[in-house]
Amino acid sequence: MRKIVEKSMLGRAWIAPVYNDDDNDPKNTTPNDLVRRILHARGICDDGAVEKFLNPSIKEYMPDPFVLKDAQIAANVIADAIVRGDKIAIYGDYDVDGITSTAIFVKYLRDLGADVIWHLPTRDGEGYGLNTAAIDDIAAHGARLLITVDCGISGVAEVAYAKSLGIDVVVTDHHSPDGDMPPANAVVNPKRTDDTSGLEYLAGVGVAFLILVAVNRELKNRTDVPAPIQEKLHNENLLNFMDWVALGTICDTMPLVNLNRAFVATGLKVMGLRHNLGLRVLMDLAAIKTPSVYAAGFAIGPRLNAAGRLDSAAPALDLLLTDNPLIAQDLATKLHQMNQDRIDIQNAIMLSASDMADRAAAAGRCSLFVCGDRWHGGVMGIIAGRLKDKYNLPTCVATRSDGMINGSGRSIPGVDLGQIIHDALGAGILAEGGGHAAAAGFTLRAENESQFRDYLENAVTQQLGGVRPTVEIAIDAEMDAGAATMDLVERLTALEPFGQGNPEPMLALRGARLKSAQTMGNGAHLRGAVMTRGGGTLNFVGFNMVATPVGDFLLDDANINTPITLAGRLKKNEFKGRVSAQFFVEDIAVE
């Protein structure tokens, strides 16, 4: 990487990949060159890999599901239960990944006529993962098989308890194991140390989907399957579940690479068909016309998540599974209102959390840990994500109540927060905990608060090599501002879907002069235009930029015609039937 701007107007360095001498000249950049550079910078170089990346189909990326350790055993156990007509219980989680994982299993089993029940734990009452009270209830309802989705890997005692009640157990999960495997009939988790599938990047719903593929194949290969189930199998199309698989993958911030990329690309297309009644009603309520990663992550997902954050996730799952338009409308409206309530709670807590984070960041820490009395536990992860983005530091946010602390964390590239939480649990500092590199959850006794704060700081500092992360913008490619056209916008769409692991390209536009700027919206945002070398004009917007040095510079008429370089993202803008390229400014530097 090379530094192309030492210090921007927002005090950030801009870094970009190193190319050969000709490629480093932004004036020589064509749209095809730009796409090629971005792919090469992301490690996609040969023609075959480029073609596969640009056309992410399930057919190309889908592995044999039996490459997952214990997948064959899991398929056999589940198929046996279906053929026997046993009651099957699905045990999920209260976030979108857990809800969608539960939904695909319940819907598949219902489609085959199986006797199925489900359980989603409450965040405050039960907490994450298996618990014996829920298992007792499942046993009381007569379930002979328990399938966990997006949880179960840490439930050693709980799985043993279920087995003691005569219940078979299949665990499907994607969280890091704490140590011993639960004594289930089958434990399917690509993060098992003895799993060689290479699928450790999957969300819980991705693992669940692969097991459904395995079960479907197993049933089709059997000779003992009753005729009614055989007929239903013939009509089953697992690709119809891809909208839910995409939603869970996006909302759990899994990297959109390899199979995940195919899941999301296909899933967004399925979502666009609007076959699922619940999603269709929710999308209409959120005014979503065209499904996208952004819409899934910032509009659909938060509404589904709101139920589990504030109360029970059951309404969200009910919405995905219902075929009744009146029920769907009622549930979607309820989730929409719960999401607004969540926003109000979140904003109130954010004020206090930001003050604490400001002081910690000013002290030069490499990590942030903020904790308040009786904050609502359902918004800890959201606030952690906001503070992480603001300070570019791994951040944990927690609530203190009745002698216990419960929290969530979000991390930055280069810091595996899930591993830190796992190690803190092993060290006896935490009572409970789990997660993955980018996000994690934890519980500890209040008297261990200082110890955990210090442990987090030391572990993060060690992973960072003792160097506090600088605030940088990673530029994917430099180009002349005059090349920022609709042609380029269309070519960049070939790199979609964008998200974790495949971010929307960040471009540096050279050769621009400020033409105009003004406030818009509620006065916090900017819009304007720059002139390019060839005499063209490129419109730009800058969200939440007014009260920043960028806003001060752009709104000062004395700076009209000043040469500037812009960092940001190029998108399509549609206004009154007119389509044009528009630049979303993240930062600027004076040339």
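Relevant structure appears above.
Residues numbered from 1 in each chain as written. Predicted model: local features only at pLDDT ≥ 70, side-chain atom pairs only at ≥ 80, totals over all residues. Heavy atoms only, no water.

S.K.: Explanation requested: unusual backbone geometry in the structure shown.
M.R.: Working note: non-glycine residues mostly have negative phi, and peptide bonds are mostly trans. The peptide bond linking E496 to P497 adopts the cis configuration, its omega dihedral lying at 5 degrees. Summarising the element assignment, P497 is placed in the loop between α19 (486–492) and β15 (507–520). In this structure, N258 takes a positive phi of about 50 degrees despite not being glycine. For N258, a relative accessible area of 40% puts it in the partly exposed group. For A287, which is not glycine, the phi dihedral falls at a positive 60 degrees. When its relative accessible area of 65% is taken as the criterion, A287 is described as exposed. (Helix = DSSP H or I, 4+ residues; strand = E, 2+ residues; numbered from the N terminus. Buried < 20%, exposed > 50% of the residue type's maximum accessible area, 1.4 Å probe, protein only.)

S.K.: What's the story with the state of the cysteines in this structure? I'm lost.
M.R.: In a disulfide, the sulfur atoms of two cysteines are held together by a covalent bond. Across all of its chains, the model carries zero disulfides by this definition. Not part of a disulfide, C366 finds its nearest cysteine sulfur in C396, a span of 14 Å. Taking the relative accessible area as the measure of exposure, C366 reaches 6% and is therefore buried. Here C371 is not disulfide-linked; the sulfur of C396 is the nearest cysteine sulfur, at 11 Å. Relative accessible area serves as the criterion here: at 6%, C371 is assigned to the buried category. (Disulfide = S-S within 2.5 Å.)

S.K.: Sorry if this is basic, but what is going on with the sheet that holds strand β5 (residues 145–149) here?
M.R.: Sheets are built from strands paired through backbone hydrogen bonds, the pairs being either parallel or antiparallel. Taking strand neighbours across the sheet as the criterion, the five strands line up as β4-β3-β5-β6-β7 in an open arrangement whose pairing is parallel. Where the open sheet ends on each side, the last strands, each with one partner, are β4 (115–119) and β7 (186–188). Averaged over neighbouring strand pairs, the angle between their axes works out to 15 degrees when direction is ignored. Bridging between strand β6 (residues 168–172) and β7 involves three bridges; their strand directions are parallel. Looking at β7, one finds that V170 is bridged to A186. Lying over the sheet, helix α6 (residues 132–140) contacts β3 (87–91), β4 and β5, oriented at roughly 160 degrees with respect to β3. (Pairing = 2+ DSSP bridges. Axes fitted to C-alpha atoms, helices over the stretch in contact; angles between N-to-C directions. Contact = heavy atoms within 4.5 Å.)

S.K.: Sorry if this is basic, but what is going on with the packing of aromatic side chains here?
M.R.: In this description, a pair of aromatic rings is defined by centroid distance and the angle of the planes. Tallying each qualifying case throughout the model produces seven aromatic pairs. Aromatic side chains F241 and W244 sit 6.0 Å apart centroid to centroid with 20 degrees between the ring planes, which places their arrangement in the stacked category. Look at F241 and you get buried, because its relative accessible area is 4%. On the basis of an interplanar angle of 40 degrees and a centroid distance of 5.0 Å, the ring pair of F442 and F452 is categorised as tilted. (Phe/Tyr/Trp six-rings, centres within 6.5 Å; stacked < 30°, edge-to-face > 60°.)

S.K.: Mind showing me how you'd approach the pairing of strand β16 (residues 525–532) here?
M.R.: The side chains of a regular strand alternate, first on one face of the sheet and then on the other. Burial runs high along β16: six of the eight residues are buried. Here β15 pairs with β16 via eight bridges, running antiparallel. When the bridges of β16 are listed, Q518 appears paired with R527. The turn joining β15 and β16, which pair antiparallel and follow one another in sequence, is formed by four residues; a positive phi near 65 degrees is taken by G521. Direction of pairing for β16 relative to strand β17 (residues 537–542): antiparallel, over a ladder of six bridges. Among the inter-strand pairings, A529 is bridged to a residue of β17, identified as N539. In this structure, the hairpin formed by β16 and β17 is closed by a connection of four residues, where G535 is found at a positive phi of approximately 90 degrees.

S.K.: Teacher, can you tell me more about the sheet that holds strand β9 (residues 395–401) here?
M.R.: Pairing is mixed in the open sheet, where five strands are placed in the order β8-β9-β10-β12-β11. Both outer strands of the open sheet, β8 (368–373) and β11 (432–435), are each paired with one neighbouring strand and no more. Neighbouring strand axes in the sheet, compared pairwise and without regard to direction, differ in orientation by 15 degrees on average. Of the pairings in the sheet, the one linking β8 to β9 comprises six bridges and is parallel in character.

S.K.: Which parts of the structure should I look at to understand the packing of helix α4 (residues 71–84) against helix α8 (residues 204–221)?
M.R.: Two packed helices can be described by the angle between their axes and the distance between those axes. Orientation of α4 relative to α8, taken along the N-to-C sense of each, is 60 degrees, at an axis distance of 8 Å. The angle between α4 and α8 places the two elements in the oblique class. The handedness of the crossing between α4 and α8 comes out as right-handed. Contacts from A71, Q72, A75, N76, I78, A79, I82 and V83 in α4 reach I211, A214, V215, E218 and L219 in α8. Within the contact of α4 with α8, the residues separate by chemical class into 10 nonpolar, two polar and one charged. (Parallel < 35°, antiparallel > 145°, perpendicular 65-115°, else oblique. Left-handed = near helix turned anticlockwise from the far one by under 90°. Nonpolar A, V, L, I, M, F, W, Y, C, P; charged D, E, K, R; others polar.)

S.K.: What should I look at first to understand α6 in this one?
M.R.: For an α-helix, 3.6 residues make a turn, and residues three or four places apart therefore share a direction. All of the buried residues in α6 are A134, I135 and I138. Buried residues in α6, looked at end-on, bunch into an arc of 100 degrees, giving them a common side. The exposed residues of α6 that point more than 90 degrees off its buried face are A133 and A140. Turning to α6, the residues buried within the fold contact β3, β4, β5 and α7 (156–164). Capping of α6 at its N-terminal end is provided by N131; its side-chain oxygen lies 3.3 Å from the backbone amide nitrogen of A133. Backbone geometry just downstream of α6 places G142 in the positive-phi region, at approximately 90 degrees. (Arc of directions from axis to C-beta. Polar contact = N/O pair within 3.5 Å; in protein donor to acceptor, adjacent residues only side chain to side chain.)

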